[in-house]
Amino acid sequence: MSVTMRFGPYGGRYVPETVIGALDELTEAYERYRDDPDFRSELGVLLGHYVGRPTPMYRARRLEEAWGIPGGLWFKREDLCHTGAHKINNALGQVLLAKRMGKERIIAETGAGQHGVATATASALVGLGCRVYMGRTDMQRQRLNVIRMRMLGAEVFPVDAGSGTLKDATSEAIRDWVTNVEHTHYIIGSAVGPAPYPEIVADFQSVIGIESREQMLTETGDLPGTVVACVGGGSNAIGIFRGFLDDADVRLVGVEAGGEGLSGKHGASLALGSPGVLHGSYSYLLQDPDGQVAEAHSVSAGLDYPGVGPEHSHLRDLGRVTYSNATDEDALSAFLECCRLEGIIPALETSHALSYVRDSAGDLTGPVLVCMSGRGDKDVDQAGEALGIDASA
Ligand SMILES: *Cc1c(COP(=O)(O)O)cnc(C)c1O
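Okay, so let's go over this structure.

Analysis parameters
- Residues numbered from 1 in each chain as written.
- Predicted model: local features only at pLDDT ≥ 70, side-chain atom pairs only at ≥ 80, totals over all residues.
- Heavy atoms only, no water.
- Helix = DSSP H or I, 4+ residues; strand = E, 2+ residues; numbered from the N terminus.
- Buried < 20%, exposed > 50% of the residue type's maximum accessible area, 1.4 Å probe, protein only.
- Contact = heavy atoms within 4.5 Å.
- Areas by Shrake-Rupley, 256 points an atom, 1.4 Å probe, with all protein chains shown as cover.
- Phe/Tyr/Trp six-rings, centres within 6.5 Å; stacked < 30°, edge-to-face > 60°.
- Lys NZ or Arg CZ within 6 Å of the ring centre and 35° of its normal.
- Near = heavy atom within 4 Å.
- Polar contact = N/O pair within 3.5 Å; in protein donor to acceptor, adjacent residues only side chain to side chain.
- 1 Å grid on protein atoms, 1.4 Å probe; cavity = no way out; pocket = protein on both sides within 12 Å on 5 of 7 lines; lining within 4 Å.
- Sits in = over half its atoms within 2 Å of the grid points.
- Axes fitted to C-alpha atoms, helices over the stretch in contact; angles between N-to-C directions.
- Left-handed = near helix turned anticlockwise from the far one by under 90°.
- Nonpolar A, V, L, I, M, F, W, Y, C, P; charged D, E, K, R; others polar.
- Pairing = 2+ DSSP bridges.
- Expected span 1.5 Å × (residues − 1).
- Points joined across faces, edges and corners; volume = space filled by probe spheres on them.
- Core = buried A, V, L, I, M, F, W, Y, C linked by side-chain atoms within 4.5 Å.
- Arc of directions from axis to C-beta.

## Considering the overall build of the protein chain
A count of helices and strands for the protein chain gives 16 helices and 14 strands. For the protein chain, the C-alpha atoms occupy an extent of roughly 55 × 45 × 45 Å along the three principal directions. A burial count over the protein chain gives 61% of its 393 residues as buried. Counted over contacts in the protein chain with a minimum sequence separation of 6, partners at least 24 positions apart contribute 74%. Roughly 14,600 Å² of accessible area belongs to the protein chain as shown, and the carbon and sulfur atoms make up 49% of that amount.

## A word on the packing of aromatic side chains
Throughout the structure, instances matching the rule amount to 10 aromatic pairs. Centre to centre, the rings of Tyr10 and Tyr284 are 5.8 Å apart; their planes meet at 40 degrees, and the pair counts as tilted. With Tyr10 in strand E2 (residues 10–11) and Tyr284 in strand E12 (residues 281–285), this residue pair connects regions lying 274 residues apart in the sequence. Accessibility assignment for this pair places Tyr10 and Tyr284 in one class, buried. Arg100 extends its terminal NZ or CZ atom over the ring of Tyr33, reaching a point 5.6 Å from the ring centre.

## Some details on the site of the ligand
Neighbouring the ligand are 16 residues, the closest being Lys87, Ser190, Gly234, Ser235 and Ser373. A distance of 3.0 Å separates an oxygen atom of the ligand from a polar atom in the side chain of His86. Note that an oxygen atom of the ligand is positioned 2.8 Å from one of the backbone N or O atoms of Gly232. Judged by the proximity of its atoms to the pocket grid, the ligand belongs to the largest cavity.

## A closer look at the packing of helix H1 (residues 17–33) against helix H9 (residues 197–205)
At a closest axis distance of 11 Å, the pairing of H1 and H9 adopts a crossing angle of 35 degrees. Crossing of H1 against H9: the hand is left-handed. Listed contacts from H9 to Leu23, Leu26 and Tyr30 of H1 are Tyr197, Glu199, Ile200 and Asp203. When its residues are assigned to classes, the contact of H1 with H9 shows 5 nonpolar, no polar and 2 charged.

## Some details on the sheet that holds strand E8 (residues 184–187)
Backbone-to-backbone hydrogen bonds pair the strands of a sheet. The strands run either parallel or antiparallel. Strand order across the open sheet formed by 4 strands is E7-E6-E5-E8, with parallel pairing between neighbours. Single-partner strands in this sheet number two, and they are strand E7 (155–159) and E8. For this sheet, the mean inter-axis angle between neighbouring strands, taken without regard to orientation, is 25 degrees. On the sheet, helix H8 (residues 166–180) packs against strand E5 (105–110), strand E6 (129–135), E7 and E8 and is oriented at approximately 160 degrees with respect to E5.

## Section: the sheet that holds strand E14 (residues 368–372)
Taken in spatial order, the 6 strands of this open sheet run E3-E4-E14-E9-E10-E13, and their pairing is mixed. Both edges of this open sheet fall to strand E3 (57–59) and strand E13 (321–327), since each of them pairs with a single strand only. Adjacent strand axes in the sheet meet at a mean angle of 30 degrees, parallel and antiparallel pairs treated alike. As paired strands, strand E4 (residues 73–77) and E14 are joined by 5 bridges and run parallel to one another.

## Overview of the packing of H9 against helix H10 (residues 207–220)
Running from amino to carboxyl end, H9 crosses H10 at an angle of 35 degrees, the nearest separation of the two axes being 4 Å. Contacts from Asp203, Phe204 and Gln205 in H9 reach Val207, Ile208 and Gly209 in H10. Taken together, the residues of the contact of H9 with H10 sort by class into 3 nonpolar, 2 polar and 1 charged.

## Let's talk about helix H4 (residues 87–100)
With 14 residues, H4 should cover 20 Å at 1.5 Å per step; its first-to-last C-alpha distance of 21 Å lies within 8% of that length. Among all positions in H4, only Lys87, Ile88, Asn89, Asn90, Ala91, Leu92, Gly93, Gln94, Val95, Leu96, Leu97 and Ala98 are buried. Of the residues one or two after H4, Gly102 is the one with positive phi, at around 75 degrees.

## Quick word on empty space enclosed by the protein
Counted according to the given criterion, the structure contains 4 cavities of 30 Å³ or more. Size it by volume and the largest cavity reaches roughly 370 Å³. As for the largest cavity, its lining consists of 33 residues, and the residues nearest its centre are Lys87, Gly189, Ser190, Gly233 and Gly302. Counting residues per element, the ones that place at least two in the lining of the largest cavity are E5, helix H5 (114–126), H8, helix H11 (235–241) and helix H15 (348–360). Looking at the lining of the largest cavity, its residues break down into 11 nonpolar, 18 polar and 4 charged. Around the second largest cavity sit Val192, Gly193, Gly276, Leu278, His279, Ser281, Ser283, Tyr284, Leu285, Tyr305, Gly307 and Val308, which together line it. When residues in the lining of the second largest cavity are grouped by element, the largest group, 4 residues, is from E12. Residue classes in the lining of the second largest cavity are distributed as 6 nonpolar, 6 polar and no charged.

## With respect to the side chain of Glu211
By secondary structure assignment, the location of Glu211 is in helix H10. Classification of Glu211 by relative accessible area gives buried; the value is 13%. Looking at Glu211, its side chain comes within polar contact range of the main-chain nitrogen of Thr55, at 3.3 Å. When neighbours within four sequence positions are excluded, Glu211 is seen to be in contact with Arg53, Pro54, Thr55 and Lys76.

## Some points on the nonpolar core
If you look at the biggest cluster of nonpolar residues, it comprises 54 residues, and the most contacted ones within it are Leu92, Leu97, Met149 and Trp177. Once residues lying within four places of it in the same chain are set aside, the contact partners of Leu97 are Leu26, Ala29, Tyr30, Tyr33, Phe39 and Phe204.

## Some thoughts on helix H7 (residues 143–151)
Looking at H7, one finds that the buried residues are Asn145, Val146 and Met149. Down the axis, H7 shows its buried residues gathered within 105 degrees of arc, on one side only. In this structure, the buried residues of H7 make contact with E5, H5, E6, helix H6 (136–141) and E7. Gly153 sits one or two residues past H7 and shows a positive phi near 95 degrees.

Structure below.
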């Protein structure tokens with residue numbers, strides 16, 4: 001098969017025998033349709049007229065001045081996508097695949113709720129039933145997205161196991177898939193999971209990097225010096241990085257959740273984790289010496305995951321991408337600066353990338369491009385509480 005199954009030693013399929021057939025079926029469907037003109041044109045029309053692509057390339061002049069970035073600061077505005085983040089690029093691609101595979105039912109896991117909303121949206125669009133697994137803790141943190149999913153006709157299924165976050169929701173979704181694999185397609189929301197998912201998700205997100213490369217050349221006449229993206233499972237990051245992987249002079253930086261700091265609770269799998277198996281794939285993850293998966297922590301539900309996609313693990317080992325991290329506190333202050341200086345409320349996930357740019361400004365040469373992975377509407381309750389901003393008179 002010509003679909004990438006491993007990235008260096010990472011990736012593969014560590015799953016129950018019962019889903020191997022479904023992974024093969026998905027691989028075949030993806031091979032058959034990924035360059036199929038009808039498939040590409042149906043997806044292309046939806047990306048244009050439904051999602052709003054190409055998303056703009058915006059120069060953030062006030063932040064650029066405040067943070068001292070001589071080469072300029074640009075935002076790739078995935079926050080302007082329909083449903084508010086990059087997740088819809090992948091959800092639409094996978095729903096169209098599921099339809100062609102004759103599946104009747106869609107399931108998904110969600111952390112921040114953005115992937116759940118994107119999947120519920122795409123399922124409504126093509127008329128497929130949809131169930132979304134979500135940890136109880138995340139349901140409380142992301143109340144509005146729970147209501148959105150339910151309005152869109154999806155069933156939101158609370159997961160109480162473990163810490164009630166993304167890892168637990170993912171385990172539950174896998175369990176459902178194993179049972180219902182014949183008529184159900186599982187839409188994984190990040191560049192993680194057993195092969196072929198990491199490749200499929202990266203491919204559907206690579207539209208971010210393809211557009212960005214062209215737009216930077218048009219806007220600045222040059223490639224960016226540095227491209228920065230936050231890393232949860234790694235789909236927005238790999239999506240934008242893929243536009244620049246062959247440009248050796250473009251520095252690529254992924255920013256993980258530093259949480260309370262690296263000596264406390266965090267989500268920095270690439271900084272402090274070690275390779276192991278989680279959710280069907282071999283990659284860096286946070287685990288104790290006995291191989292028990294550790295609990296991640298981040299102020300942003302979308303980065304609160306103890307694993308990371310296998311392609312990032314490989315790029316880390318190769319040294320092609322540098323991985324850094326930002327704490328909750330630093331991300332929150334970058335969040336507020338972006339609100340106040342640009343009039344853009346960024347997602348808390350994205351704020352980690354912004355925090356890196358602010359704190360490394362002195363070392364960044366050339367134009368700096370940040371993947372503005374999503375908007376912060378979903379985060380206003382939580383960020384408001386942390387920052388002491390509320391609606392009381
Ligand atoms: C889900 C999410 C992320 C993290 O997921 P990746 O797969 O790492 O991109 C980042 N930003 C936003 C806005 C998200 O919704």
